[in-house]
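Structure assessment
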Amino acid sequence: MTDDEPSRSIDDRTEDDSTSRLGLRTGQLARWSATRPKRTLAGAAVVLVLSLILLSQVRITTSLAGMLGKHSPTAAAMERVTTQYAAGDTLLLLVELPPDRLSDTEGQNELIAFAERLEAALESEELLAPMALTVRYRQDPAFGGFAERVMLPNGLFYLDDDAAAELIRRLSLGSMREQFRRNSALIAAPGPAGTTLSEGVLRDPLRLLELIPPALRAASVGPQSAQGGQAGMMTRTSPSVTSPNAPEFSEDGRALLVHIGSTTIGNDYRAAGRLVDAVVRASEELNTASLRVSTGGAAAIATDASRVIRKDSIVSCLASVGLVYALFLLFYRRWSAGLLIGGVVATGIVAGMGSLSLFLSEVSPLSAMIAALLAGVGADYGIHFHSHYDNDRQQGLSPIEASTHTAERMAVPIGTNCLTSIFGFISLWPSKIQMLSDFALMGAAGLVGALAGVFVLLPASLVLIDRRETGSSAGRVRFGHFADVVAARPRVWMRSSLMIVGVAVVSAAMQGFPLRFESDLSVLHPKPSRALDTTIEVIRRFSTQGELIPVEIVAPSSETLVTLSHQAAVALSSPACREVGVEDVRGLHRLLPNPQTVGNRLALLKRVDLERTLADFDTAVEESDFSPESYSGYRDFLRTLLSARRAPDSSDVFAHPGVAARVFPLGGASPNAGKTNTVLLVQFGEPLHDRQKRREAIETLRAAAASVESSSAGASGSVTVTGTAALSTELEETARQRLPLAMLGSFVLVVVWLTIVFRRVLHVVLALVPLLFAVCTTILFIMATGQRLNPINSVAVPLLIGIAVDAGVFLVSVARAYGRSRRSLRLRLRPTTHALLLSIATTGTAFAALGLSHTPAIRSLGLVSLIGILASGVGALLLVMPILLLRAPSGRTD
């Protein structure tokens, strides 16, 4: 027997190589498949088609609510806000004049004309009719109408205690006489100032406007009455105020913002895509003046992201398959090996994930990219099976016998590697982050399918394809001769591997051993993203826009809901909240008075003698220099104001559907439903992309919300800060808290299983060496290169704990079986080394394919995981294999 041929005798195997019960069962399964190849493959084809149909029904969600999961109160609130409320805009359209056009009246009229044509076009679009679209490019007049008909006649209920007392004081005869004397002196001022003051005196002779809260004044802009009536009394005189029907132009006047809302899209991103496509198509057809039209907002961002991610998943999967096939050609030098193993593994992966899709309706972008990853990881099982099958064929076994024998011998090591890889995935399953749970389940299901495919489909396929009488040894394990190179100088290779760790330690030390978390939320979105850039530009250029943080309020009754809204608005507008960037709080508190003050206002109104007050007003006017006819409308307003005996409540809001739709759930379209939920919108002046600023802002808002919940009114209700910024903050916090637990859980499961399989501490430790080598090197690489941890790339380490142990398991298994002499071990290491080199290359290629993603966080996952896989190969082949060779007895033939 030559040195280049492995021994055909089983005498050099140790007792640990005796066929296990698992091996016998697996061998029987492989023999059954090999003796019924056509029937087996036909059944597999049916399963593959059904699995593809099931997978085609699974949607890719790009919302942070979908990624985080509905079991989180923040995510659950976000789900309700996006699907049940019309408080936000589904799509934003930024329409801007060309650079060579002036922002004059003619140019702005052109922008308005475009918006009008677009509105008409969208209303006539049949495909969009079910979406119940709203198109708005002017200040919403619904709130002005509500203020005129509901708020103004009941204005006293909206005042605080001091303002209400001051209003009653100003309605005394002496105060009114004094005010009219001041008015006479004011209008006597010469020049334009006197004219402006005269207009103010005619509108509000008693100066009641200044008692109205600023928020109420902002919500109650209305057309001026020729008689100085209710609407005229409440019209703001500030030059910065626009009429309620004014177009929403940017600060520089060059752009118009068009808001497109829908009450049906919610998180349906296919519908969102149809909306975006229809708007873009209509804009292109109607844009006859070379206007710049850009889409932004939630629908545009989600549409762009879902399409890019879907394309990325296809490209990365194809690239991974193509590169893996090239590696098979290089290692096996025959075209059938790659197609055979790739086809079998792909069928198993699709079948596994297809079965799981029965229970999943949507997955995150991370889960959508998993096919490319599993293509490399699952191929390892086929590689090892095929390599050992070739070895048995060289010894003269028939395809059926070789398949059976390989299945018996490789059941434990391949099964162990699959199980440890599943441990790496499944350690992420208990995570509160939904996308990590989905990723774990999809990965585990795919690996189980790959394992089943190798032991069921591969034997049947080999029997049909392999028509040789005996196996040819030429080139079968030519890369396996690397084991001879290592065996020649094992200590040199051991020192080389340790030098790699030393270089990594020095590099990380030079950077100060930093371990930073990503501060930029946008790394979770594909880049470049024109929709995201447009949304940021809108926030920057329009004072009415900004980062909006929804705050959902739930209460047991409509009265408590209004009370909580007022308390929350006060808390969210506190100095602490202002310091972190809060500029405004919009919501139900602007529309209805605080129920806690209604009793005091009613008592105050009862003490007022209406007829006496009106008579005193008439007297004050008659004694003044003004004509009583000029204030007949104002007198009527005073009568209405002082006659109010019922404070506005939720039923008044529901009487104005356009207003109710902005503050109540869409299901509460009647006065008897939906009164116990509302949403406040906290507006920030700038986007909260920076991690530190975002975290400070969200923590401050949560503290404010908690203070409201701890009040007597909030004891039976809830105030939940939600939105993209809140979800991303929770995502980061959860990832940071759960990552150590996931790592520990994965490691414990791997150690326990290896202990069960190997039963010897030394063998368990040696099997773990590549894992420890990979984890240490990966963490040091992250530190040395300044990589930042984010919720996606942080899963690399738990995954490596399950995957990086594979090489060590195979090497230790060979040593346990053939470690009686160094020569025997070296010869038996050749097919294993050949398979390990190909496995490392294919798995690394699968992770490297993630680098083709347009999402920075996913690219980072690919890079970090690739380093870990390569490091595990170095630890296995250059550290563990030399140790095993040195431990084996040399023998006389060596």
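Now for a description of the structure that goes with this document.

Reading the values: rules and limits
Residues numbered from 1 in each chain as written. Predicted model: local features only at pLDDT ≥ 70, side-chain atom pairs only at ≥ 80, totals over all residues. Heavy atoms only, no water. Patch = residues over 30% accessible without salt bridge, like charges linked within 9 Å, V, L, I, M, F, W, Y side chains within 5 Å. Areas by Shrake-Rupley, 256 points an atom, 1.4 Å probe, with all protein chains shown as cover. Salt bridge = Lys/Arg side-chain N within 4 Å of Asp/Glu carboxyl O. Helix = DSSP H or I, 4+ residues; strand = E, 2+ residues; numbered from the N terminus. Buried < 20%, exposed > 50% of the residue type's maximum accessible area, 1.4 Å probe, protein only. Contact = heavy atoms within 4.5 Å. Pairing = 2+ DSSP bridges. Axes fitted to C-alpha atoms, helices over the stretch in contact; angles between N-to-C directions. Phe/Tyr/Trp six-rings, centres within 6.5 Å; stacked < 30°, edge-to-face > 60°. Expected span 1.5 Å × (residues − 1). Arc of directions from axis to C-beta.

This part takes up a nonpolar patch on the surface. Taken together, Val-46, Val-49, Leu-50 and Ile-53 make up a surface patch of nonpolar side chains, about 360 Å² in accessible area. Among the structural elements, Leu-50 can be located in helix H2 (residues 37–56).

What follows deals with the side chain of Ser-839. Assignment of secondary structure puts Ser-839 in helix H34 (residues 822–849). Since its relative accessible area comes to 4%, Ser-839 is described here as buried. Residues in contact with Ser-839, not counting those within four places in the same chain, are Asp-380, Ile-383 and His-384.

Another aspect to go through is the sheet that holds strand E5 (residues 292–296). If you walk across this open sheet you meet the 4 strands as E3-E4-E2-E5, and the pairing is antiparallel. Only two strands of the sheet have a single partner each, and these edge strands are strand E3 (133–136) and E5. Across the sheet, the axes of successive neighbouring strands diverge by a mean angle of 20°, strand direction being ignored. Two strands pair when backbone bridges link them, and strand E2 (residues 91–96) and E5 are joined in this way by 5 bridges, in the antiparallel orientation. Residue pairing across strands places Leu-92 opposite Gly-296, the latter belonging to E5. Contacts from helix H13 (residues 297–332) reach E2 and E5, with the element oriented near 80° to E5.

This paragraph deals with the packing of aromatic side chains. Inspection of the entire model under this criterion finds 11 aromatic pairs. Their ring planes at 55° and their centres at 6.0 Å tell us that Phe-180 and Phe-626 sit as a pair that is tilted. Placement of Phe-180 in helix H8 (residues 173–187) and of Phe-626 in the loop between helix H25 (610–623) and helix H26 (632–643) is noted, with a sequence separation of 446 residues between them. Phe-180 gets classed as buried once you look at its relative accessible area, which sits at 2%. Note on Phe-626: relative accessible area 13%, which makes it buried.

Since the α-helix advances by 3.6 residues per turn, residues separated by three or four positions end up pointing in the same direction. The first and last C-alpha atoms of helix H22 (residues 558–572) sit 21 Å apart over 15 residues, in line with the 21 Å expected at 1.5 Å per residue. Of all 15 residues in H22, 12 are buried; the element is thus mostly enclosed. Those residues of H22 not exposed but buried are Thr-560, Leu-561, Val-562, Thr-563, Leu-564, Ser-565, His-566, Gln-567, Ala-568, Ala-569, Ala-571 and Leu-572.

Relative to the 30 Å expected for 21 residues at 1.5 Å per residue, helix H20 (residues 490–510) spans 31 Å between its end C-alpha atoms, a close match to the ideal helical length. Taken together, the buried positions of H20 are occupied by Pro-490, Met-494, Ser-497, Ala-504 and Ala-508. The buried residues of H20 occupy an angular sector of 85° when the element is viewed end-on, so they sit on one face. Turned more than 90 degrees away from the buried face of H20 sit Arg-491, Arg-495, Met-499, Val-503 and Met-510, all of them exposed. If you follow the buried residues of H20, they end up packed against helix H19 (482–488), helix H31 (761–785) and helix H35 (856–887).

What follows deals with the environment of Leu-102. Take Leu-102: it is sitting in the loop between E2 and helix H5 (105–123). Overall, the relative accessible area of 62% leaves Leu-102 in the exposed class. For the pair Leu-102 and Arg-254, spaced 152 residues apart in the sequence, the C-alpha separation amounts to 7.7 Å. Non-local contacts of Leu-102, meaning those with residues more than four positions away in its chain, are made with Leu-97, Gly-107 and Arg-254.

To continue, consider the pattern of salt bridges. This structure, assessed with the given rule, holds 25 salt bridges. Put simply, Arg-101 and Glu-110 hold a salt bridge, and the shortest N to O gap is 3.0 Å. Classification of Arg-101 as partly exposed rests on a relative accessible area of 23%. A salt bridge links Asp-252 to Arg-541; the nearest nitrogen and oxygen atoms lie 3.1 Å apart. Linking Asp-252 in the loop between helix H11 (230–234) and strand E4 (255–262) with Arg-541 in helix H21 (residues 530–541), this pair joins segments that are 289 residues apart in sequence. Of the residues examined, Arg-541 reaches a relative accessible area of 9% and is grouped as buried.

Geometry only, nothing functional implied.
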